[in-house]
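Coordinates in review
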Amino acid sequence: MQKERHMIYFDNAATTMHKPPEVAQAVADALTHFGGVGRGVHGASLSAGMAVYEARDTVAGLLGAPSASRVSFTGNVTESLNTALFGLLSPGDHAITTAASHNSVLRPLYALEDRGVQLSIAPIGPDGSLDLDEVEALFQPNTRVLAVTHASNLTGDLYDIDRLAEMAHAHGTLVVVDAAQTAGVVPLNAVEQQIDVLCFTGHKALYGPQGTGGLIVAEGVEVAPLKVGGSGTHSYDREHPAFMPERLEAGTINGHGIAGLAAGVAFVQRVGVEVIRAHEDALARRFQQGIASIPGIRVLGGGTPLGRTGIVALNLGDVDSGQVADALSVDFGIATRAGAHCAPLMHRALGTEHQGAVRFSFSWFNTEQEVDQAVAALSQIAAELG
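Procedures and definitions
- Residues numbered from 1 in each chain as written.
- Predicted model: local features only at pLDDT ≥ 70, side-chain atom pairs only at ≥ 80, totals over all residues.
- Heavy atoms only, no water.
- Salt bridge = Lys/Arg side-chain N within 4 Å of Asp/Glu carboxyl O.
- Helix = DSSP H or I, 4+ residues; strand = E, 2+ residues; numbered from the N terminus.
- Buried < 20%, exposed > 50% of the residue type's maximum accessible area, 1.4 Å probe, protein only.
- Pairing = 2+ DSSP bridges.
- Axes fitted to C-alpha atoms, helices over the stretch in contact; angles between N-to-C directions.
- Contact = heavy atoms within 4.5 Å.
- Right-handed = clockwise from strand over helix to strand, strands pointing away.
- Phe/Tyr/Trp six-rings, centres within 6.5 Å; stacked < 30°, edge-to-face > 60°.
- Parallel < 35°, antiparallel > 145°, perpendicular 65-115°, else oblique.
- Left-handed = near helix turned anticlockwise from the far one by under 90°.
- Nonpolar A, V, L, I, M, F, W, Y, C, P; charged D, E, K, R; others polar.

Now for the pattern of salt bridges. Applying the stated criterion across every chain, the model contains nine salt bridges. Taking the shortest distance from any N to any O, the salt bridge between Glu-22 and Arg-270 comes out at 2.4 Å. With a gap of 248 residues between them, Glu-22 in helix H1 (residues 21-33) and Arg-270 in helix H7 (residues 255-271) connect regions that are remote in the sequence. Taking the relative accessible area as the measure of exposure, Arg-270 reaches 55% and is therefore exposed. The salt bridge partner of Glu-222 is Arg-247, with a shortest N-O separation of 3.7 Å.

We now examine the sheet that holds strand S9 (residues 297-299). Spatially, four strands are ordered S9-S10-S13-S12 in an open sheet, and the strand pairing comes out antiparallel. Looking along the sheet, the strands with just one partner apiece sit at the ends: S9 and strand S12 (337-339). Strand-to-strand twist across the sheet, computed as the mean angle between neighbouring axes with direction ignored, equals 30 degrees. Of the pairings in the sheet, the one linking S12 to strand S13 (residues 357-361) comprises three bridges and is antiparallel in character. The partner of Gly-339 across the bridge, within S13, is Ala-357. Its contacts with the sheet put helix H8 (residues 273-291) on S9, strand S10 (311-316) and S13, and the angle it makes with S10 is roughly 20 degrees. In the packing of helix H11 (residues 368-385) onto the sheet, the strands contacted are S10 and S13, and the crossing angle to S10 comes to about 15 degrees.

This part covers unusual backbone geometry. Its identity is not glycine, yet Gln-194 carries a phi of approximately 55 degrees, on the positive side. The residue Gln-194 is located in the loop between strand S6 (174-178) and strand S7 (197-201) in this model. On the basis of relative accessibility, which here comes to 41%, the residue Gln-194 falls in the partly exposed class. Within the chain, Cys-342 stands out as a residue other than glycine whose phi angle is a positive 55 degrees. Counting through the fold element by element, Cys-342 comes out in the loop between S12 and helix H10 (344-350).

Once that is clear, we can look at the pairing of strand S5 (residues 143-149). Burial within S5 is extensive, with six of its seven residues counted as buried. Pairing geometry for strand S3 (residues 94-98) and S5, over three bridges, is parallel. Looking at S5, one finds that His-94 is bridged to Thr-143. Alignment of S5 against S6, held across five bridges, turns out to be parallel. Among the inter-strand pairings, Leu-146 is bridged to a residue of S6, identified as Val-175. Between S5 and its parallel partner S6, the chain crosses via helix H6 (residues 161-170), and the hand of that crossover is right-handed.

Turning next to the packing of aromatic side chains. Under the definition given, this model contains seven aromatic pairs. Here Phe-10 and Phe-360 contribute two aromatic rings whose centre-to-centre distance is 6.2 Å and whose plane-to-plane angle is 50 degrees, an arrangement assigned as tilted. Remark: Phe-360 occurs in strand S13 and Phe-10 occurs in the loop between strand S1 (8-9) and H1; sequence separation between them is 350 residues. Taken individually, Phe-10 and Phe-360 each receive the classification buried, so the pair is uniform in this respect. Ring geometry for Tyr-207 against Phe-365: centres 5.5 Å apart, planes inclined by 90 degrees, an arrangement best described as edge-to-face. Pair noted here: Tyr-207 is in the loop between S7 and strand S8 (213-217) and Phe-365 is in the loop between S13 and H11, with a separation of 158 residues, a long-range link. Among the aromatic residues, those joined into a cluster by ring pairs are Phe-10, Phe-287, Phe-360 and Phe-362.

On to the packing of helix H9 (residues 321-332) against H11. For any two helices packed against each other, one specifies the inter-axial angle together with the distance between the axes. Close contact between H9 and H11 brings their axes to 11 Å; oriented N to C, the two are set at 120 degrees. In terms of orientation, H9 lies oblique with respect to H11. Viewed along their axes, H9 and H11 form a crossing whose handedness is right-handed. Here Gln-323, Val-324, Ala-327, Leu-328 and Phe-332 of H9 come into contact with H11, specifically with Ala-377, Leu-378, Gln-380, Ile-381 and Leu-385. Each residue belonging to the contact of H9 with H11 can be placed in one class, and the counts come to eight nonpolar, two polar and no charged.

Shown next, in the form of structure tokens:
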């Protein structure tokens, strides 16, 4: 029988496949010991409730929430962003975002635009850069929300959310940050960085299971709930509880997944965000240096002064990105992500709307040897297809 080839996994910006072993163990333990969170006074329910509270506290510690009660859990960052944007914007309001935004920001804003919210989109340069003066020029007296991505999910380019938050608050505007690509790999502190709503997901650099995420809401900021229903408290009230974190959580939450998320966050805290970022940066630099001499390779982005996360997106001449990614997978067992990456405006800015891009994204569990194998594979593919 043919031995199965080891997969080299460079699709961590979508989902980290390799998790710390304690994450799986935490989920397994929860599956056999948890009852409904907040749905009883018996031991199984109380255990689940305590685990979720501890998870809030752990997340609050990593991401700088004002308190554990300001952390509400969701199914992913898409739900978090929908909750924030639909919960803050009303017809007649004005919102600003940038062309670096993922569809998880763009599509809720387009839907709100159809309902009477005004929308402005700051352009991104062909090198992935964002001109803050162009953002500044978009503010209006009725600008309610500035929704920005901390790092492009396509190129990894980091944007200056500190400056953007200062700018927004100078105009009396709330700032919503999409931290899907940075929570767990770039230091974040929602209070110190004056982020009004920080949206995160569990299944990327926090090493949690899919189906986990959340949002951190600053003190004094009121986000209307996206969903209402069972809460386990105040059951005779006509309206959903108005207090955090239950305000933004309806129905039985994913206690099993949140237990795994807490273990993933604890792992990140134990290793250290700065240490993890240094490792990913080193892999990305090694990869870029290795492919620099391959004819026809074009690396996308890189124009922001803050650098980038552990992502390198590229194209090989005019070869379709899907063809390159398919060759990497089939011939070399290397997993990447090709296509549009749910970032249509970013691709238009970079001139890759039709070709797409091949995205390599690294994690703590990748190695220099894997990077070198990817460089060798690209060199061979370029010789054949370039």
